[in-house]
Each structure stands twice: as C-alpha cells, then as structure tokens.
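Here is what each chain is made of, one letter per residue.
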Amino acid sequence: MVRLIMGVKGSGKTKQLIELINNAAKDEPGNVVCIEANRTMTYDIHYHIRLIDAQEYNLDSYELFRGFISGLYAGNYDISHVFIDNLCKTVGADVDAETEKFLNWLDVFGERNNIKFTVTISADLSLATDGMQKFL
C-alpha cells in the first residue's frame, strides 16, 4: 500500500508526515523507517524510528532507490512501514512517468512483503499523473 502526500512547498506536508511517523512509532507492529533528503527531522520524530539520510547513500535515481529499499527489507524482515520524505528532491528528478513507475513498484513491493509506504512529493497536485492519482 502506498500513500502519497503531494503539495507545493510550505503546504504542511512535513508537519503531516512527522505526525504520521510518530503515530506509527506507537501503532505499528514492526519496525518503522524514515528516509529523508537530509537530516531535518532528527529532533522531531520518535527515537524508535530508523532515520536514514538519503544523501549518505547517493540515492540519485529511482533504480538506486529500488535497490536500497530492497536491501533494507532483505536486512530486516520486520519493517512494516517506510516513510519517504521529498522523493523527487532525493532522486533529483521532476514529477514524471518514472515517478509513477517507482510508486507502482513500491505498491507491488509493499503488497508482496506487507509493508506500507508513505511518500511526500513537493510539487503542485496538478503535476500528478493519472496513475499517481490512485495514491493520493
């Protein structure tokens, strides 16, 4: 399952994401992971959350991101929820067909492995493709 939170900068996406992450720390049966573009949420989220700074791993393409998430799960089958903050900024891309393809891959991967994904994208809602609409 993928949940997409999309909006322009300053629309409250990060605040909403922090609230969802902290609730997941209390409610999720497994481990919760948060991947962010840089370490800005360190002091805002619960200390049980595994916070990953994507800059440390050069996740600058969707292909690398797929491999990274697959590796996370291969190393820890107890992951139940992954939060990804500012996906397009992390990979250095605009919202496009590749973004939709990645979200569809996340959805299939999540269903197969019983993982929920919550993703934020800093862009106007009008840029969401038809295929991305189902995740909003």
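Above this text is the structure in question.
Residues numbered from 1 in each chain as written. Predicted model: local features only at pLDDT ≥ 70, side-chain atom pairs only at ≥ 80, totals over all residues. Heavy atoms only, no water.

Novice: Would you mind showing me how to read the sheet that holds strand E2 (residues 31-36) here?
Specialist: Pairing between the strands of a sheet comes from backbone hydrogen bonds, and it takes one of two forms, parallel or antiparallel. Spatial strand order, E1-E5-E4-E2-E3: five strands in an open sheet with parallel pairing. One side of each edge strand has no neighbouring strand; the edge strands of this open sheet are strand E1 (2-7) and strand E3 (50-53). The sheet shows a mean angle of 15 degrees between the axes of neighbouring strands, taken without regard to direction. Here helix H4 (residues 97-113) sits on the sheet in contact with E1, strand E4 (79-84) and strand E5 (116-122), set at roughly 165 degrees to E5. (Pairing = 2+ DSSP bridges. Helix = DSSP H or I, 4+ residues; strand = E, 2+ residues; numbered from the N terminus. Axes fitted to C-alpha atoms, helices over the stretch in contact; angles between N-to-C directions. Contact = heavy atoms within 4.5 Å.)

Novice: What exactly am I supposed to notice about the packing of helix H2 (residues 62-75) against H4 here?
Specialist: Helix-helix packing is described using two parameters, namely the angle between the two axes and the distance between the axes. Where H2 meets H4, the closest approach of the two axes is 11 Å, and the angle between their N-to-C directions is 15 degrees. In terms of orientation, H2 and H4 fall into the roughly parallel class. Regarding H2 and H4, the two cross each other, and that crossing is right-handed. Residues Tyr-62, Phe-65, Arg-66, Ile-69, Ser-70 and Tyr-73 of H2 pack against Glu-98, Thr-99, Phe-102, Trp-105, Leu-106, Phe-109 and Asn-113 of H4. Along the lines of polarity and charge, the residues of the contact of H2 with H4 split into eight nonpolar, three polar and two charged. (Parallel < 35°, antiparallel > 145°, perpendicular 65-115°, else oblique. Left-handed = near helix turned anticlockwise from the far one by under 90°. Nonpolar A, V, L, I, M, F, W, Y, C, P; charged D, E, K, R; others polar.)

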